[in-house]
Amino acid sequence: MDMDSASTVVLQALTQATSQDTAVLKPAEEQLRQWETQPGFYSVLLNIFNNHMLDVNVRWLAVLYFKNGIDRYWRRVAPHALSEEEKVSLRAGLITNFNEPVNQIATQIAVLIAKVARLDCPRQWPELIPILLESVKGQDGLQQHRALLTFYHVTKTLASKRLAQDRRLFQDLASGIYSFACSLWSHHTDCFLQQIYARDDAAALSSLERTLLSLKVLRKLTVHGFQEPQQNMEVMGFLNAVFERLKLFLECCRQVGPESTCREKLEKTIILYTKVLLDFLEYHPCAFIPLIQRSLEFAVSYVFTPAGEGVTFERFIVQCMNLIKMIVKNDAYKPAKNIDDSKPESLEAHKIKTAFFTHPTLTEIGRRLVSHYFLLTEEELAMWEEDPESFAVEETGGDSWKYSLRPCTEVLFLDIFHNYSQTLTPVLLDMVQNLQGPTSVEDPVQLLMKDAVYNAVGLAAYELFDNVDFDQWFKNQLLGELQVSHHRYKLIRRRVIWLIGQWISVKFKSDLRPLLYEVILSLMQDPDLVVRIETATTLKLTVDDFEFRTEQFLPYLESIFGLLFQLLQQVTECDTKMQVLHVISCVIERVNIQIRPYVGCLVQYLPLLWKQSEEHNMLRCAILTTLIHLVQGLGAESKNLYPFLLPVIQLSTDVSQPPHVYLLEDGLELWLVTLENSPAVTPELLRIFQNMSALLELSSENLRTCFQIVNAYLYLSATEFLQNYAESLCRSFCDLLKDITNEGQVQVLKVVEIALKVSPILGAHMFQPLLPAVFRGTVDGERYPVVMSTYLGIMGRVLLQNSSFFSSLLTQMASECGQEMDHLLGSVIEMWVDRMDNITQPERRKLSALALLSLLPSDNSVIQDKFCGIINICVEALHDVMTEEPETGTFKDCMLMSHFEEPKLSDDEEPPTEQDKRKKLLALEDPVHSVSLQQFVYEKLKAQQALLGDQGFGVLMETVDTELVRQLQEFLQGL
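What you see as residue numbers is a count from 1 along each chain, following the sequence as written. Local features in a predicted model are, by the rule used here, given only for residues with pLDDT of at least 70; side-chain atom pairs are given and counted only at 80 or more, and totals for whole chains, interfaces and linings are based on all residues. Remark: hydrogens and water are excluded; side-chain values derive from all non-hydrogen atoms of the structure.

Novice: I'd like a rundown of the overall build of the chain, residues and numbers included.
Specialist: Per the convention used, a helix needs a DSSP run of H or I reaching at least four residues, while a strand needs a run of E reaching at least two, with both numbered from the N terminus. The number of helices and strands found in the chain is 47 helices and 2 strands. In this setup the radius of gyration rests on C-alpha atoms only. A globule is expected at 2.2 Å times the number of residues raised to 0.38. Its C-alpha radius of gyration of 38 Å places the chain more than 25% over the 30 Å reference for a compact globule of 975 residues. Dimensions along the principal axes, computed over C-alpha positions, put the chain at roughly 120 × 85 × 70 Å. Buried positions account for 54% of the 975 residues belonging to the chain. Intrachain contacts of the chain at a sequence separation of at least 6 include 74% that bridge at least 24 residues. When the accessible area of the chain is evaluated, it comes to approximately 43,900 Å², of which 50% is carbon and sulfur surface. Any residue under 20% of the maximum accessible area for its type is buried, any over 50% is exposed, and the rest in between are partly exposed; the area is computed with a 1.4 Å probe on protein chains only. Residues are treated as being in contact if the distance between any of their heavy atoms lies within 4.5 Å. Reported accessibility uses the Shrake-Rupley method at a 1.4 Å probe radius. Residues are deemed covered only where the shown protein chains occlude them.

Shown next, in the form of structure tokens:
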């Protein structure tokens, strides 16, 4: 690429690529894409983004194309890799000067230099770090800042490399530049402090920016640059200095006030200081031991004493709490159960913690966590009033609270309570005791305090198991609280029903459940929406509990389910509807068929909700889950839902539709349960299977469910299904078997086995292309036992139930192998006998015996030659399936089924699905369950005797081991 002419055309293309007009934009992008592999293209881009006279958007785009080129073409082994000569020139051009005037472009240039450094530094680019350090020392403000920005991104990138060799290189770099980095940080910090005290905000902001960047560099060097940092005095000196600097910066926060231009960056710097400590603790817990005492003193002082008042801000408090939490629960700081097995550093850390967390300190922390940090804030109370749904969702762990103060406070409380429960349990119980009895609705402070204390008792439920008689408390105190209907008492009503939900699986007597259902029924009609939503959540926890008894819940089912449905209609937020749907799903799942009389309104509403949620895929997932449980509860009656249900399944499992990314897993599950509960196939249900070919091509983690769906269709209507789809299914299976795990291979073969079981003639005909591979695998002795077992299951079905097809298959295989048919049959029988132990399922073992016996009577010399092996398999199978009648001493085939009986179920047992009934009816016709093996053996041997005569049969029996003959006679006695 000629540089002069190229610069003009590339500049023109970049200019056009910034256009808003797609007719101009698209051709330009295509042209740039074609140039990506042209020699000299990146040199042109470098010249363009280094030319500060050009349009900013054009320069920005040039940087992005350069950055993408590094990812694709910088490595030597990459297709169309850049030449070494061009890379040398580009590396030099990138660090010629650090004077980019536009912040965003400067950041992107720093990032792309770091990308090159990741691949080339230090071996191919030894001059990078020295040039950066030199530029950082310069007097020019812009150059100094840009060099420091680049220095940070390079350090960050090199620190992220994880190979042992790369880590050693980074450690060498760190030891060489650590002193300089410390002095740089110290210099910029001192400048900032002088300027902020002098109220020179503009200069202070500039110095603060440099302080932040130099601190970012130090964080990476300190955490990742030393294998044993505790042995480096500079590292430990820096970490100790962090505490002093933090105090000074926090004091600056108090002075500058919230309106200062420095405030935001000041808070960022403070948070970065805490990240240095947290990262160092995470990566070097033992090296952190000398800092434990100071860290705890610092964090506890600012979070739990007046020292933090007017200084701290929420994110800083969160970081301090995280610091305390990480020290409290760090496994490296806990002695072993046997004290003699403990490491010295663990004992030292434990000693420091024990000395710090005295009874008074723990008491103050516990009380302050509950009485200060657990209190609902004015903002939260305002949200409750103005946007109750958002409040309810966030209280149950919405994403926006992931990094906020409340969950952090609760986690710290739990960790400290767990580790120091002996000290903190009396403190919490004392707080509960002080709040006994109803609280005045005119005393908002006490109402908030009671809410906070009850919150603590709920969070610590497992720790308080031995110390709280919750059943008595529920009857004597909490029930009364729930009956206070004043609107201001909603705070306590909502907290108490939440509290019960926390204790339900810890300690709550079963005979109190009906009383609880009365409470839930009442609170589901509470005037406050938040109380109703919280009550629904507690209901879910109650019916989810292992002590849930359907018969206790049934008297309340109709009323509670109706109120849940009303709540589902009342709420408007997507997250809240999902929450309520999960509760409804859970109730339907637990009461199963008992739900049938009460779902009419829900069934009518769900199509409307599905339509309204077109843009909300997660809500649609919740609807699918509800439909799954609804279909299971309705059983055969679910056919009435098909006008809504089948289009939902069709959309959810169509991989050409974008929503399938979210809906596929639940959609497949719904498809499966719909088939399992279908009383009969319909044209529409059959038509949905058109989606399956594309699903099988995906070979995703949902493949197992896809196979279950195929099997369900076979059980539902084998003839119609195979006539419509066997050909395409066979093609899909042939493709799958080329590249699939052994487990996947078994799943494919099981489908063929079920097809042969359901329809022996049609199944063999339709899956004929797959059977030669099964035959070959049987003869060759497939080495994986589970696969071999499935091969023999298929061969058994064909031989026993479609002998003419077996003969034609034997003829085909003999022709292909160039062998005599009899010889090949002998090989099959021999391998069958040899690998019988691979078959573990009694059904398949009996099937093998029936199949091989079906070859008798025979005067074929090969079959007679293998007679001993056939008898061996028969005796093994007889041992598997025959049980002795104690009264008569005779044997009975335990696999025989004479008639179909509806099983008697307890209230907690799930009734059989329509598919279960179909399987039972099929089993009545299956030789494995309809033919007595004992009788079959007897008849076949008698027939063989009749064919050969007594003398010939006697000679044949002499080939069988005498012990086997004795066992056989024992099984056949009385026949």
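Novice: Lay out the side chain of R219 with the relevant residues and their values.
Specialist: Within the secondary structure layout, R219 lies in helix α10 (residues 201-224). Residue R219 is classed as buried on the basis of its relative accessible area of 18%. Look past the residues within four positions of R219 in its chain and what remains in contact with it is L272, K275, V276 and D279.

Novice: Explain the pattern of salt bridges to me, and be specific about the residues and the numbers.
Specialist: For this analysis, a salt bridge means a side-chain nitrogen from Lys or Arg found within 4 Å of a carboxyl oxygen belonging to Asp or Glu. Taken as a whole and assessed by the stated rule, the structure comprises 43 salt bridges. A salt bridge links K738 to D735; the nearest nitrogen and oxygen atoms lie 3.5 Å apart. Linking K738 with D735, this pair stays in helix α34 (residues 703-738), spanning 3 residues, or about one helical turn.

Novice: Residues and numbers for the state of the cysteines, please.
Specialist: Counting rule for disulfides: a pair of cysteine sulfur atoms within 2.5 Å. The tally for this structure, following the rule as stated, stands at 0 disulfides. Free of any disulfide, C121 has its nearest cysteine sulfur in C182, 20 Å distant. Free cysteine C574: the closest other cysteine sulfur is in C621, separated by 10 Å.

Novice: Provide a residue-level description of the packing of helix α37 (residues 771-780) against helix α39 (residues 803-817), including the pertinent values.
Specialist: As a rule, the C-alpha atoms of each element are fitted with a line to give its axis, helices using only the stretch in contact, and angles between N-to-C directions run from 0 to 180 degrees. For the pair α37 and α39, interaxial distance at closest approach is 11 Å and the crossing angle is 70°. Regarding the angle of α37 to α39, the classification is roughly perpendicular. Seen from α37, the contacting residues are L771, P772, F775 and R776; seen from α39, they are F805, F806, L809, L810, Q812, M813 and E816. All amino acids are sorted into three groups, where Ala, Val, Leu, Ile, Met, Phe, Trp, Tyr, Cys and Pro are nonpolar, Asp, Glu, Lys and Arg are charged, and the leftover types, Gly among them, are polar. Of the residues in the contact of α37 with α39, the class split is 8 nonpolar, 1 polar and 2 charged. Oblique is the label for any angle not under 35 degrees, not over 145, and not in the 65 to 115 range, which are roughly parallel, roughly antiparallel and roughly perpendicular in turn.

Novice: Now, about empty space enclosed by the protein: what can you tell me, with residues and values included?
Specialist: Space inside and on the surface of the protein is sampled on a 1 Å grid over the protein atoms alone, with a cavity defined as a set of points where a 1.4 Å probe fits but cannot get out and a pocket as an open set with protein on both sides within 12 Å along at least 5 of 7 lines; lining residues have an atom within 4 Å of a point. Grid points are joined across faces, edges and corners, and a volume is the space filled by probe spheres set on the points. Taken as a whole and assessed by the stated rule, the structure comprises 2 cavities of 30 Å³ or more. Of the pockets and cavities examined, the largest cavity occupies roughly 140 Å³. Contributing to the lining of the largest cavity are 14 residues, with N97, F98, N99, E100 and I109 lying nearest its centre. The set of elements that each furnish at least two residues to the lining of the largest cavity consists of α6 (103-120) and α8 (141-159). In terms of residue class, the lining of the largest cavity is made up of 7 nonpolar, 5 polar and 2 charged. Here the second largest cavity is characterised by a volume of approximately 40 Å³.

Novice: Pulling in residues and values, what's your account of the domain arrangement of the chain?
Specialist: Domain limits in this description derive from either an automatic procedure or a database domain assignment. The domain architecture assigned to the chain consists of domain 1 (717-840) and domain 2 (874-972). Each of domain 1 and domain 2 was reduced to a C-alpha centroid, and the two centroids are 24 Å apart. The interface is formed by 7 residues belonging to domain 1 together with 5 residues belonging to domain 2. Put simply, buried area is the surface a 1.4 Å probe can reach on two separate parts but cannot reach once they are joined, added for both. For the pairing of domain 1 and domain 2, the buried interface totals around 510 Å² over both sides, and the portion due to carbon and sulfur atoms is 65%.

Novice: Describe in detail the packing of aromatic side chains, supporting the description with residues and values.
Specialist: To describe a pair of aromatic rings, you give the distance between the ring centres and the angle between the ring planes. We call Phe, Tyr and Trp rings a pair once their centres come within 6.5 Å, taking the six-membered ring for Trp, and we label the pair stacked below 30 degrees between planes, edge-to-face above 60, and tilted otherwise. Scanning the entire structure with this criterion turns up 41 aromatic pairs. Note on F49 and F66: the rings are 5.6 Å apart at their centroids and 85° apart in plane angle, and the pair reads as edge-to-face. Residue F49 is located in helix α3 (residues 41-49), and its partner F66 is located in helix α4 (residues 56-73); the two are separated by 17 residues in the primary sequence. For the pair F49 and F66, one class covers both residues: buried. Plain terms: the ring middles of F413 and F417 are 5.4 Å apart, the flat faces sit at 45° to each other, and that makes the pair tilted. Here F413 and its partner F417 are both found in helix α19 (residues 405-419), 4 residues apart, which amounts to about one turn of the helix. Both residues of the pair, F413 and F417, belong to the buried class. Chaining the aromatic ring pairs together yields one cluster made of W35, F41, Y42, F49, F66 and Y73. Two thresholds decide whether a charge sits over a ring: the Lys NZ or Arg CZ must be within 6 Å of the ring centre and within 35 degrees of the ring normal. Residue placement shows R245 over the ring face of W185; its charged tip is 5.3 Å from the ring centre.

Novice: Describe a negative patch on the surface, listing the residues and the values that go with them.
Specialist: Patch membership requires over 30% relative accessible area and the absence of a salt bridge. Like charges are linked within 9 Å, and nonpolar side chains (Val, Leu, Ile, Met, Phe, Trp, Tyr) within 5 Å. Positive residues here are Lys and Arg, negative ones are Asp and Glu, while His and the chain termini are left out of the count. Throughout, a charge is located at the NZ atom of Lys, the CZ atom of Arg, the CG atom of Asp or the CD atom of Glu. A cluster of acidic residues, E386, D387, E573 and D575, forms a negative patch on the protein surface. As for its position among the elements, D575 is in helix α27 (residues 574-591). Classification of D575 as partly exposed rests on a relative accessible area of 45%.

Novice: Got a sec to walk through the confidence of the model for the chain? Specific residues and values, please.
Specialist: pLDDT is defined as a per-residue confidence score from the predictor, taking values between 0 and 100. The predicted model of the chain has a mean per-residue pLDDT of 92, with 98% of residues at 70 or higher. The weakest mean pLDDT in the chain belongs to strand β2 (residues 891-893) at 84; the strongest belongs to helix α23 (residues 490-503) at 97. The low-confidence segment residues 398-402, where pLDDT is below 50, has 7 contacts with residues more than four positions distant or belonging to other chains.

Novice: Could you give an account of the packing of helix α7 (residues 128-137) against helix α9 (residues 164-197), naming the residues involved and the relevant values?
Specialist: Taken N-terminus to C-terminus, the directions of α7 and α9 make an angle of 10°; their axes are 12 Å apart at the nearest point. The angle between the axes of α7 and α9 places the two elements in the roughly parallel class. For the pair formed by α7 and α9, the contact residues are I129, L133, V136 and K137 on the first element and L173, I177, F180 and L184 on the second. A per-class count over the contact of α7 with α9 returns 7 nonpolar, no polar and 1 charged.

Novice: Kindly report on the environment of S728, identifying the contributing residues and their values.
Specialist: By the element assignment, S728 lies in helix α34. Polar side-chain contacts of S728 include one of 3.1 Å to the backbone oxygen of Y725. Identification of polar contacts relies on pairs of N or O atoms within 3.5 Å, with a donor-acceptor requirement for protein atoms, meaning one able to donate a hydrogen and the other able to accept it, and with residues adjacent in sequence counted only if both atoms are side-chain atoms.

Novice: Could you give an account of helix α28 (residues 600-612), naming the residues involved and the relevant values?
Specialist: The length a helix should cover is 1.5 Å for every residue beyond the first. With 13 residues, α28 extends 19 Å between its outermost C-alpha atoms, agreeing within 8% with the 18 Å of an ideal straight helix rising 1.5 Å per residue. Those residues of α28 lying buried are L602, Y605, L606, L609 and W610. In the core, the buried residues of α28 are packed alongside α26 (550-570), α27, α29 (617-634), α30 (642-652) and α31 (660-676).

Novice: Describe the environment of L672, with residues and values.
Specialist: Position of L672 among the secondary structure elements: in helix α31. Separated by 551 residues in the primary sequence, L672 and C121 place their C-alpha atoms 56 Å from one another. Ignoring any residue separated from it by four or fewer positions in sequence, one finds L672 in contact with T705, Q708, I709 and A712.

Novice: Before we move on, can you summarise the environment of S759 with the specific residues and values?
Specialist: Mapped onto the fold, S759 is located in the loop between α35 (742-758) and α36 (760-766). Linking S759 and A814, residues 55 residues apart in sequence, is a C-alpha distance of 26 Å.

Novice: Which residues make up a nonpolar patch on the surface, and what values do they have?
Specialist: A cluster of nonpolar side chains, contributed by M618, V661 and Y662, occupies part of the molecular surface with about 330 Å² of accessible area. Topologically, Y662 is positioned in helix α31.

Novice: If you had to explain unusual backbone geometry to someone new, which residues and values would you point to?
Specialist: Cis geometry marks the peptide bond from C121 to P122, where omega comes out at 5°. Take P122: it is sitting in the loop between α6 and α7. Cis geometry marks the peptide bond from L856 to P857; its omega dihedral reads -5°. Position of P857 relative to the elements: it lies in the loop between α41 (842-853) and α42 (861-865). One non-glycine residue, H80, lies in the positive phi region at around 60°. Within the secondary structure, H80 sits in the loop between α4 and α5 (84-94). Using a relative accessible area of 56% as the deciding quantity, one classes H80 as exposed. The phi dihedral of R199 falls on the positive side, at around 60°, and the residue is not glycine.

Novice: Describe in detail helix α40 (residues 821-834), supporting the description with residues and values.
Specialist: Taking 1.5 Å as the rise per residue, α40 with 14 residues should run 20 Å; its terminal C-alpha atoms sit 20 Å apart, in good agreement. Three or more residues of α40 are buried, namely L824, L825, G826, V828, I829, M831 and W832. Packed against the buried residues of α40 are α37, α38 (785-801), α39, α41, α42 and α43 (867-881).

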